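Analysis of the macromolecular model
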Amino acid sequence: MLLANLQRAWRKRMDDWLNRRIPAAHKQQLDLRSIFILPSRFGWLYLLLCISLFVLGTNYQNNLMLILCFVMLAILLINLHASYWNFARLCLMLKAIPPGYANSQVTAKLHLNAAEHQKSASGEIRVSTFGDDEYQVIDADCVQSVDLKLQLPERGIHRLPRLTIESFFPLGLYRCWTHLDFNTHLVVFPAPQRCELKLYALPDENEQEGSLVAQPGTEDFEGLRRYVVGDNLNRVAWKHVAKQQQWLSKNFESYASVSGFLKLPMVDAVNLEQELAKLAHQINVCSQQNVSFGLDLGGQKLAPATGEAHRIKCLTALAAYPDNTSEVRL
Amino acid sequence: MIVATTKPQSAIDIEQSITPFIMALAYIALVFTMLTPVLSWITVLAVCVVIVRGSFYFRDQQPQIALRTVNLLAILAAITLGWFSLSLGLLLTMVNLLVMACAFKLLRITRRKDLTQLFASLLFLTGCGFIFEQGLLHTSIYVSITLVLLCSLITIHAPHMSKRGAIKYTGIQLLQAMPIAVLLFLVLPKLPPLWQMPTAQGAKTGLSDTVTPGDIAELSQSSELAFRAIFSTELPRNNQRYWRAMTLEQFDGKTWTRSPTRRQITRQYRQLGRSFTPVYEGEFWDYQVIAEPSHQTWLFALDVASPSANSEFGVNLGFEYQVYASRPVVSTMSYTVESYYNMSLDQTLQTVDSRVNLQIPSNGNPKTVEWVAGLVAQTDGPSDFIDAIQRYFLEQEFSYTLRPQPMPKNPVDEFLFNQQAGFCVHYASALAYALRLANIPARLVTGYQGGEIQSDAVISVYQYDAHAWVEAWLDDRGWVRIDPTAWVSPDRIDFGLEQAMREEGSFLADSPLSLARLKNIAAFNQLRLWFANLDYQWSKWVLGFNNQQQKDILRQIFGELTTAKLSVIGLSLVALIALLLGLYILPMMRNRSLNPLANEYRKSVELVEASFAIKRATLGPEDFLQRVADSADNASTAVFAQITEAYIKSEYQPSPAQFEGIKQLQQLRRLLRKTLKKNR
Amino acid sequence: MNNAIAPVIAELDQTIIGKSAQNRLAVCCLLSHGHLLIEDLPGMGKTTLSHALATLFGLDYARIQFTSDLLPADMLGANIFDVQKQQFTFHPGPIFSQVVLADEINRASPKTQSALLEAMEEQQVSLDGQTHELPEPFFVIATQNPLHQAGTYPLPESQLDRFLMRITLGYPDWQAEKQMLQNDNDEPLKSMITAQQLSDWQGQIETIHVADAVLEYILRLVSFSRESGEYANPLSPRASRAILRASKAWAWMENRDYVIPEDVQHVFAAVAEHRLRSPGSDSDLSFQLSESLLAAVDPIAA
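So, here's what we can say about the structure. Since this is a predicted model, take the numbers as computed values, not measurements.

The subject of this paragraph is the packing of helix α3 (residues 63-88) of chain A against helix α21 (residues 563-589) of chain B. Contact pair α3(A) / α21(B): the axes reach a minimum separation of 10 Å and the direction vectors enclose 25 degrees. By the criterion of interaxial angle, the relationship of α3(A) to α21(B) is roughly parallel. As for the relative orientation of α3(A) and α21(B), their crossing is right-handed in sense. Side by side, α3(A) and α21(B) meet where Leu77(A), Ile78(A), His81(A), Ala82(A) and Trp85(A) of the first sit next to Ile577(B), Leu581(B), Tyr584(B), Ile585(B), Met588(B) and Met589(B) of the second. Taken together, the residues that form the contact of α3(A) with α21(B) break down as ten nonpolar, one polar and no charged.

Here you go:
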């Protein structure tokens, strides 16, 4: 208990110190303030090796062994700078992270060389969450930008924690590292949970809540028709194409005329997440079927609309719930 | 956990990556430079392991050697090595163990840690290589191996760096490290050995402390350097150059060894704290000897020597007039000697010397015993007796050969009466035995005779100069040197072994490629001398660099060394290293442009932009020139037009000369800056 | 301006007044073996431009008016049974001309459009198992009304990039139109160049030097369109080749034997705009996407 408290206090102090030392920014050019450097475990082994070479050389009065030892020591010194300057050449930029569902993975683009016109760093670079052992390896010799795989946590809008970037280039004698805050947020939608679609009548038309306007089944397949140039490719009935060499498109019933509100029922905190998950599913279904829908989260109401942008807006509102005041920029 | 882990590098990936393969190559190169100290079965093991490694790298084979297999093999090998270690001695056992351990580490590399451990072991092994070989050739091999090892480290942390890039990177680092290392080497004080280290037994060619006729004949096939002497007085003539190494006083009818009685006496003297300090008088030669590592204690000096050490090793004079080091010579060492060549060797106790040197084997060589008894009866006194033997050698037409017949039984009889041909040891051994039979104290001295004059003051002595001669105690003169070889082959003494062996053609017959054999071809001889000189400078300034030289150099630069001065030197060393490091960093600090030409142009553009408050944004060079013409004065526009033209010429026109373009742009930028300033 | 091509362009400027930039782009397109799409409202001089081009370059010229009932055979030609010879003989359609004006291409059915585009791509016509080579040079100028006009079949995006360039003429400015009204002479144009000369020039353009810095500029443009995420239809490798070809021709017209970034910038909008634009977007946003792209990428090598 005490230990945990101490740990938390220590972490807090550390965070405060880091926030002062390496302020959050979208684009981070590494420099003297942000880079930490210490000999790695191998660095210490190497130093031990130098010492034993020195002892051996002295005992055998062997000048060549001594020179070898001094050369190795000099390389240790030179590498302090080589590691630092290589690492300082990194100019990292994290593009906005696409939103995703809870516990899924998204990829964010991390640019290693945002300051162009310059040669970038060499060697492998490890990226991990601050205070976490697991890391992703990026080879800066191969790529200038990399798709960073992020494992999304539970629903919500989270600040992206500091990322630890480290490098052992060139000889692994030193570990250069930094903890960067890219000043971005993770927007995590609730993971959709299958359920019945429930659209409530538009409140301004009909005050009577709870009346069901429409309940279209999911993905109501209507039939096939001839393919017309310009049809969506994922509507093409590929089975038929393969069999008959005739292009047919699958036709789905359109519910564009239907319109209504998705509502978050009054629930206790225990079932809240589940209800939000169901709403997420319904939003997706409505959006897929081109239904004009609005979202009513009690405190926050989104007017009915269609389209991808609307869907994202609604899901973001779910992610932010119950915080309905902050306008979250993606 | 926000950053999801990608698949970590698997054991197979590490096994098949290039790093272990590069390390394997460095390893096998290392083993091949140490063929003498490394046991042959371990060498075979190393070769096999490297082949296995290669097959992993070239994907011929899946790397699937179980840890248990490796461990089992390692235990077996360790037991075998333990068996051999009884005869190997500690140092060689340790080196073999290290070589073996590296081999087993190479067999199974599944983690990065394995690679770094292997690197450390291999680097240490490289250091150990210097125990056995310190020549220029081997040093350059070891430097290359170090380079390769560093490269292998880079391939761990930057697997996609080009191989040339990696070699260039480490090469530059190694070059940068050299000046720092040299500074440290020159200035850091040389410590005395911290503790006694095990040495290799018989790992080197050279004299040995037991001599059987035939031994030195083998040595005569080696053109390896034994030592060098640098004279500050005039050089002794060839026939004066008898470099004494040790004195053998015990004879068993076949083999000469050090006398146990003598050992006992020496030990007693040492306990009493008595050392041999003859009264020196007369003229002397003053010279410095740079001895190659022999892993033995004996050193080399002429006549009656007064040695003084100039390193941490003590150099002493023994009661048999021999010079020896207080520890085995494991690396090149130098010492200074004054040799008094007109002195008699009569300052030791005659009683002791006579007692020791009249010892004869109780049986064997019956013909010789009979023959000597006859001669003693015919002659009058020791000198007459020696003359009689000389006469016998000459009358019987004894010959000097490097290829004597083996004489397993009664060797002296066999030599004197049947073969009548032999090498120096045969003559010396027979003569010393005969003298002892005639009740004249006599002993065998081994060492080197002659040597090649390399430059005005330097004599190089090679293993093929090894020689043995006799000393006899003549009552009025003390120990007198008698060299029976000189009777039968005066050439050997006056002109060296090569001259003496010209007819027989056996000089270095076993090493046809030795440069020393090609002395007759002028160009080759020139080359050989040049190499010898280079090697000499190497030995003198690098291998033999010791406290004395260090002090001399520091004194030359800083004058008399006081404590205050020493601390200043220490501080300036630190400052100098920091300065060097700063120098190395400068290129790293500069933002390295991918395109220096465009960068130059950019700089000029920035000047113009700042002066006229315009922005290039994404305009091309010609369009921007137009923009500049619109807002700038004529003089600046004219200069900028030149800049634009030069840039377009180098960047976009066919066959551009980039480097010249950069220079031109730099000059023009200076002009632009001036013009802008003038027109402000 | 290249001495050889300057009088041609001057003559063209006399015919299409006040459209100097478009005239040059059209010539550039012809010189770089590309096909031209002119998109504009009726009456802007599309037909005049194409006719003038054909005449000035001494090329034979055919005009195909695309209508909704135009069939591929009307354009390509057909095998007709010759009663006298008792065999089918091929009667070439109007497409077998060196300059083909496909007027109002978006009025024809997709089938006919495809037939034209196929011929453009392959430089030949396949009919009943026989292939007929099209003449050399073969230059298609298609005109297209803006998409929102009724009764049109817009060209699908995959076929738009068969055209090397797309230009719009737009209304002439006050001065130009006044001048046009003033000297409305009907003096017929004369041919100024032979077909042989044209092919010589095209050969010269092939040898224009393109430095690495220019190639990298083109690559940066293209990859920016792919990576930034702001462009719904990023530029394809075919587009980057088209930019290069057009830039070389432009450099030649500027009398240089090497390409500079300005050449790329001059042709870029015409070459890239119709490839970048997503078909659903409004055509009034003309030239905005390519310009934003040009403004985002620095031509000087990084």
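So, next bit.
The end-to-end C-alpha separation of helix α2 (residues 41-59) of chain A is 27 Å, in line with the 27 Å expected for 19 residues at 1.5 Å each. For α2(A), the set of buried residues is Phe42(A), Gly43(A), Tyr46(A), Leu49(A), Cys50(A), Leu53(A), Leu56(A), Gly57(A), Thr58(A) and Asn59(A). Where α2(A) is buried, its residues meet α3 of chain A together with α6 (112-132) and α7 (136-157) of chain B. One or two residues past the end of α2(A) sits Gln61(A), with phi positive at roughly 50 degrees.

To continue, consider helix α19 (residues 522-543) of chain B. For α19(B), built from 22 residues, the straight-helix expectation of 32 Å at 1.5 Å per residue is met to within 8% by its first-to-last C-alpha distance of 29 Å. Taken together, the buried positions of α19(B) are occupied by Asn525(B), Arg528(B), Ala532(B), Tyr536(B), Trp538(B), Ser539(B), Val542(B) and Leu543(B).

This part is about the interface of chain B and chain A. Chain B puts 70 residues into the contact, and the matching count from chain A is 62 residues. Measuring nitrogen to oxygen at the nearest pair gives 3.0 Å for the salt bridge that ties Glu124(A) to Arg112(B). Here chain B is connected to chain A by nine residue pairs in polar contact (both at pLDDT 80 or more). Elements that contribute at least two residues to the side of chain B that touches chain A include exactly α6, α7, α8 (163-187), α19 and α21 of chain B. Tallied by class, residues from the side of chain B that touches chain A come to 48 nonpolar, 17 polar and five charged.

A word on the sheet that holds strand β5 (residues 105-111) of chain A. Residue and element names in this part refer to chain A. Taken together, the four strands give an open sheet; going across it, the order is β1-β3-β5-β8, and neighbouring strands pair in antiparallel fashion. Unpaired on one side and paired on the other, β1 (27-29) and β8 (145-151) mark the two borders of the sheet. Neighbouring strand axes in the sheet, compared pairwise and without regard to direction, differ in orientation by 25 degrees on average.

Conventions used here
- Here, residues in each chain are numbered from 1, in the same order as that chain's written sequence.
- Chains carry letters and ligands carry numbers; both start at the beginning, A for chains and 1 for ligands, and go up in the order they are written.
- In keeping with the predicted nature of the model, local features appear solely for residues at pLDDT of at least 70, side-chain atom pairs appear and are counted solely at 80 or more, and the whole-chain, interface and lining totals rest on all residues.
- Each side-chain value is derived from all of the structure's non-hydrogen atoms; neither hydrogens nor water enter the calculation.
- Fitted lines through C-alpha atoms give the axes, limited to the stretch in contact for helices. The angle between two N-to-C directions lies from 0 to 180 degrees.
- Starting at the N terminus, helices and strands are each numbered in turn, a helix being any DSSP run of H or I of at least four residues and a strand any DSSP run of E of at least two.
- Angular relationships are summarised with four words: roughly parallel below 35 degrees, roughly antiparallel beyond 145, roughly perpendicular across 65 to 115, and oblique for the angles in between.
- Two helices crossing with the near one rotated counterclockwise from the far one by less than a right angle form a left-handed crossing, whereas a clockwise rotation gives a right-handed crossing.
- Between two residues, a contact is recorded if the distance between any of their heavy atoms is within 4.5 Å.
- Side-chain classes are defined by residue name, with Ala, Val, Leu, Ile, Met, Phe, Trp, Tyr, Cys and Pro counting as nonpolar, Asp, Glu, Lys and Arg as charged, and the others, Gly among them, as polar.
- An expected span of 1.5 Å times one less than the residue number is assigned to each helix.
- Working definition: with a 1.4 Å probe on protein chains only, accessible area under 20% of the residue-type maximum means buried, over 50% means exposed, and in between means partly exposed.
- Any Lys or Arg side-chain nitrogen found within 4 Å of a carboxyl oxygen on Asp or Glu counts as a salt bridge.
- Side-chain atoms alone can form a polar contact between residues adjacent in sequence; in general such a contact is a pair of N or O atoms within 3.5 Å, and within protein one must be able to donate a hydrogen while the other accepts it.
- Only strands joined by at least two bridges in the DSSP assignment are considered to pair.

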